[in-house]
Amino acid sequence: MIRRRALLAAVVIAALALAGPWLSAYPLTVLTQAVIVAILAMSLDVLLGYTGLASLGQAAYFGVGAYVVAILTTEHQMGLLACLAAGVALATVTAAVFGLLAIRATGTYFLMITLALGMVIWGLAYRWVSLTKGDNGIAGIPRPTLLGIELIAPLPFYYFCLACAALAWVLMGLLVISPFGLGMRGIRGSEGRMQALGYNVWLHKYTAFVLSGVFGGFSGTLWAYYNGFVSPNDVQLVTSVETLLMVALGGSGTLIGPALGAGIIVFLKNFVSVYTKRWLLILGGVYIGVILFAPSGLVGALRGRRR
Amino acid sequence: MSAEFWIAQSFNGLSYGALLFLLASGLSLIFGVMRIVNLAHGSYFMLGGYVGLTVALRTNSFALACLAGAVAIGLVGMGMERFFLRRLRGEVLGQVLMTIGFALIFQDLALLIWGGDPYTVPIPKMLTGTVRVGGAVFPIFRIFIVAVAVVVGLALWLAMDRTRVGAMIRAAVDDAEMAQGVGINVPRVSLMVFALGAGLAALGGVIGGGFLGVYPGADFEVLPYAFVVVIVGGLGSLPGAVAGSLLVGLLDNFGKALFPELSYFTLFAPMAIILAIRPTGLFGRI
């Protein structure tokens, strides 16, 4: 099972890598976006799919990572690795603090608390004008240079993001099949039984929460470089919920499903908005359709058919 | 910082809290009976404001605008509950995605129908102007908001505490299965509560439209406030909604006045502290 999944992952990444040179600039840009957002969706899957905690604040870590990169590159001209490290570190700290508050709660309360905590970050981005430039956002984030290679053109930047996503995928994959990951899944199944078996349920949930924040922040740092611009929109509630949709659409608890969901939403968003202004109407329909017709996601639906 | 500043800001906070109560009491009731996290609740507020705007412009009657907004959006809420949310009982994630889907659709429809410009719902002459007490100045419309919230709060309390329907709702909040078992039609109670909650939010939207205005994005702007109110007060609790609304209204107002850059932080940080001490909120039981 694990070997088959690793093979599948290798095939997907190889296919994405081989597709690069054949694509023109615009599809390549969209694909880069999908790859970055896929990391965010997978990070939420660690929490939702494997630990059973539905968070409505995943955009917070994404936003923290993105803002750190934006501020450090535009104000202090710092290099790629320093920015990535700082962004991920601050996102981790944020998740570590938020986790202390949120993990106490369960079910609906967890959902609402993560929503409110996410809004704290949004509020700071929106109102702390001297640091974040408020509603205007921070523009002019330059594309990075890695080991003397400029990642400005679409193709090198795509490969950089793909490598980052592959790394994140492997790390999260290792996490969920590790004994710790099995503990997480046990908690999703039955918290009480895991407690009775002597597992430290709180610590498992907390660690999963923080690790999910780590990868969420990582995705945000890449996003800042990709977009060249960050604004409170990147941190808002709708971004968090969209991530939740990606996970549900692809199939939670599979990692590849949420990545696929992220790809579908990103492509829909980019291509549909070319033809119509009524993108939100369609997206809303997608939400309702997923719940009514594919409650276990695309991967779940495929598996169900195979059985 | 003069005494007038404190009095004026306190009153502003109080009146904003009163508006929040209209919004959040419905959300709290809906949660109490149905355990639904309704992310479309802010949309009821916005849509109520827009419907009220249209009716007020056509009829020149503010009272009619309030009534029309509340009834129309109450019906929208009923439709959502009956045909979409009822089948998702107990599925938190499904409810979240379903209600956010509706919220996005409502947002886009509102943009399609009413356009992107901000409007203010015209209010009757007798509610404009100010009252002067000593050195402090109080806008009459804000006094009116507080009065409406007090009336609605008292009516809700009487209805919940003194009537047969209220007893049925409380039974459904406590234990839906047992309530069903003793012959209460819980699905019908849910439907009524959902309509009531949506209608109250819409009423808040019409009244709020008189001084905050109605504009695209109002839905997602008020939603976190409503959530904080019910989290702080305790889900499903009417006294909790009162206390939470007042606290959030005051905190938000003073936060914006004293620490403008950190205003959201001053709202959400106390909430986090209250939760750390009482995870179910001030009056919550579950």
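Scoring rules and cut-offs
Residues numbered from 1 in each chain as written. Chains lettered and ligands numbered in written order. Predicted model: local features only at pLDDT ≥ 70, side-chain atom pairs only at ≥ 80, totals over all residues. Helix = DSSP H or I, 4+ residues; strand = E, 2+ residues; numbered from the N terminus. Rg over C-alpha atoms; globule rule 2.2 N^0.38 Å. Buried ≥ 20, exposed ≤ 12 C-beta atoms within 10 Å, placed from the backbone. Contact = placed C-beta atoms within 7 Å. Axes fitted to C-alpha atoms, helices over the stretch in contact; angles between N-to-C directions. Left-handed = near helix turned anticlockwise from the far one by under 90°. Nonpolar A, V, L, I, M, F, W, Y, C, P; charged D, E, K, R; others polar. Pairing = 2+ DSSP bridges. Core = buried A, V, L, I, M, F, W, Y, C linked by C-beta atoms within 7 Å. pLDDT = per-residue confidence, 0-100. Expected span 1.5 Å × (residues − 1).

Draft legend 1. Broad picture of the overall build of chain B. Per the secondary structure count, chain B includes eleven helices and two strands. Here chain B has a C-alpha radius of gyration of 19 Å; the compact-globule value for 286 residues is 19 Å, and the two agree. In terms of principal-axis extent, the alpha carbons of chain B reach across some 60 × 50 × 35 Å. Classification of the 286 residues of chain B by burial places 51% in the buried group. Within chain B, contacts between residues at least 6 apart in sequence are counted, and of these 76% link residues at least 24 apart.

Draft legend 2. Inspection of the overall build of chain A at higher detail. Secondary structure summary: chain A contains 14 helices and four strands in total. Sequence-distant contacts, at least 24 apart, represent 77% of the contacts inside chain A between residues at least 6 apart.

Draft legend 3. Structural detail: the packing of helix H3 (residues 58–76) of chain A against helix H11 (residues 237–250) of chain A. Residues and elements named next belong to chain A. Between H3 and H11, whose axes approach to 7 Å, the crossing angle comes to 115°. Here the hand of the crossing between H3 and H11 comes out right-handed. On H11, the residues that touch Gln58, Ala59 and Phe62 of H3 are Thr239, Ser240 and Thr243. Across the contact of H3 with H11, the residue classes break down as two nonpolar, four polar and no charged.

Draft legend 4. Region of the structure containing the pairing of strand E2 (residues 136–139) of chain B. Alignment of strand E1 (residues 130–133) of chain B against E2 of chain B, held across four bridges, turns out to be antiparallel. When the bridges of E2 of chain B are listed, Thr130 of chain B appears paired with Pro139 of chain B.

Draft legend 5. Representation of the interface of chain B and chain A within the structure. Taken together, the contact between chain B and chain A spans 32 residues of the former and 36 residues of the latter. Mapped by element, the contributors of at least two residues to the side of chain B that touches chain A are helix H4 (92–114), helix H9 (218–233) and helix H11 (263–277) of chain B. If you tally residues by element for the side of chain B that touches chain A, the top one is H4 of chain B, at 13 residues. Each residue belonging to the side of chain B that touches chain A can be placed in one class, and the counts come to 25 nonpolar, four polar and three charged.

Draft legend 6. Spotlight on unusual backbone geometry. Backbone geometry places Leu255 of chain A, a non-glycine residue, at a positive phi of 60°. Mapped onto the fold, Leu255 of chain A is located in the loop between H11 and helix H12 (256–275). Of note in this structure, Asn60 of chain B is not a glycine but carries a positive phi near 60°. Residue position: Asn60 of chain B is located in the loop between helix H2 (41–59) and helix H3 (62–85). Judged by the 11 C-beta atoms lying within 10 Å of it, Asn60 of chain B falls in the exposed class.

Draft legend 7. Fine view of the packing of helix H4 (residues 80–102) of chain A against helix H10 (residues 201–227) of chain A. Residue and element names in this part refer to chain A. At their nearest, the axes of H4 and H10 sit 8 Å apart, and the two run at 145° to each other. In terms of crossing hand, the pair formed by H4 and H10 is right-handed. Side by side, H4 and H10 meet where Cys83, Leu84, Gly87, Val88, Ala91, Thr92, Thr94, Ala95, Ala96, Gly99 and Ala102 of the first sit next to Tyr206, Phe209, Val210, Gly213, Val214, Gly216, Gly217, Phe218, Gly220 and Thr221 of the second. Partitioned by chemical class, the residues of the contact of H4 with H10 number twelve nonpolar, nine polar and no charged.

Draft legend 8. Local environment of the environment of Val150 of chain B. All names here are of chain B. Position of Val150 among the secondary structure elements: in helix H5 (residues 140–162). When the 13 C-beta atoms within 10 Å are taken as the criterion, Val150 is described as partly exposed. As a C-alpha pair, Val150 and Leu22 span 128 residues in sequence and 9.7 Å in three-dimensional space.

Draft legend 9. Examining the nonpolar core more closely. By size, the foremost hydrophobic cluster in this structure holds 196 residues, and its most contacted members are Ala116 of chain A together with Ala226 and Val228 of chain B. At 15 residues, the largest contribution of residues to this core is made by helix H2 (residues 25–51) of chain A. Ignoring sequence-local partners within four residues, the contact set of Ala116 of chain A consists of Pro224, Phe227, Val228, Ile231, Phe268 and Met271 of chain B.

Draft legend 10. Inspection of the confidence of the model for chain B at higher detail. Residue and element names in this part refer to chain B. Per-residue pLDDT for chain B has a mean of 85; in total, 98% of the residues score no lower than 70. Element-level mean pLDDT values for chain B span from 75 in H11 up to 92 in H2. For this predicted complex, the interface score ipTM comes out at 0.80, while the overall pTM is 0.86.

Draft legend 11. Fine view of the environment of Phe45 of chain B. Residue and element names in this part refer to chain B. Residue placement: Phe45 occurs in helix H2. The spatial distance from the C-alpha of Phe45 to the C-alpha of Gly205 is 4.2 Å, given a sequence separation of 160 residues. In this view, Phe45 contacts Leu23, Ala201, Ala202, Gly204, Gly205, Gly208, Ala218, Asp219 and Val222; residues no more than four positions away in its chain are not counted.

Draft legend 12. A look at H11 of chain A. Between the first and last C-alpha of H11 of chain A there are 20 Å, a value that for 14 residues agrees with the 20 Å anticipated at 1.5 Å per step. Most of H11 of chain A sits inside the fold, with 13 of its 14 residues counted as buried.

Draft legend 13. View of the confidence of the model for chain A. For chain A, mean pLDDT is 83; residues scoring 70 or higher make up 98% of the total. Within chain A, no element has a lower average pLDDT than helix H14 (residues 297–306) of chain A, which sits at 70, and none a higher one than H10 of chain A, at 90.

Draft legend 14. Spatial organisation of the environment of Trp279 of chain A. Mapping Trp279 of chain A onto the fold places it in helix H13 (residues 279–293). In this structure, Trp279 of chain A is in contact with Lys269, Val272 and Ser273 of chain A, ignoring residues within four places of it in sequence.

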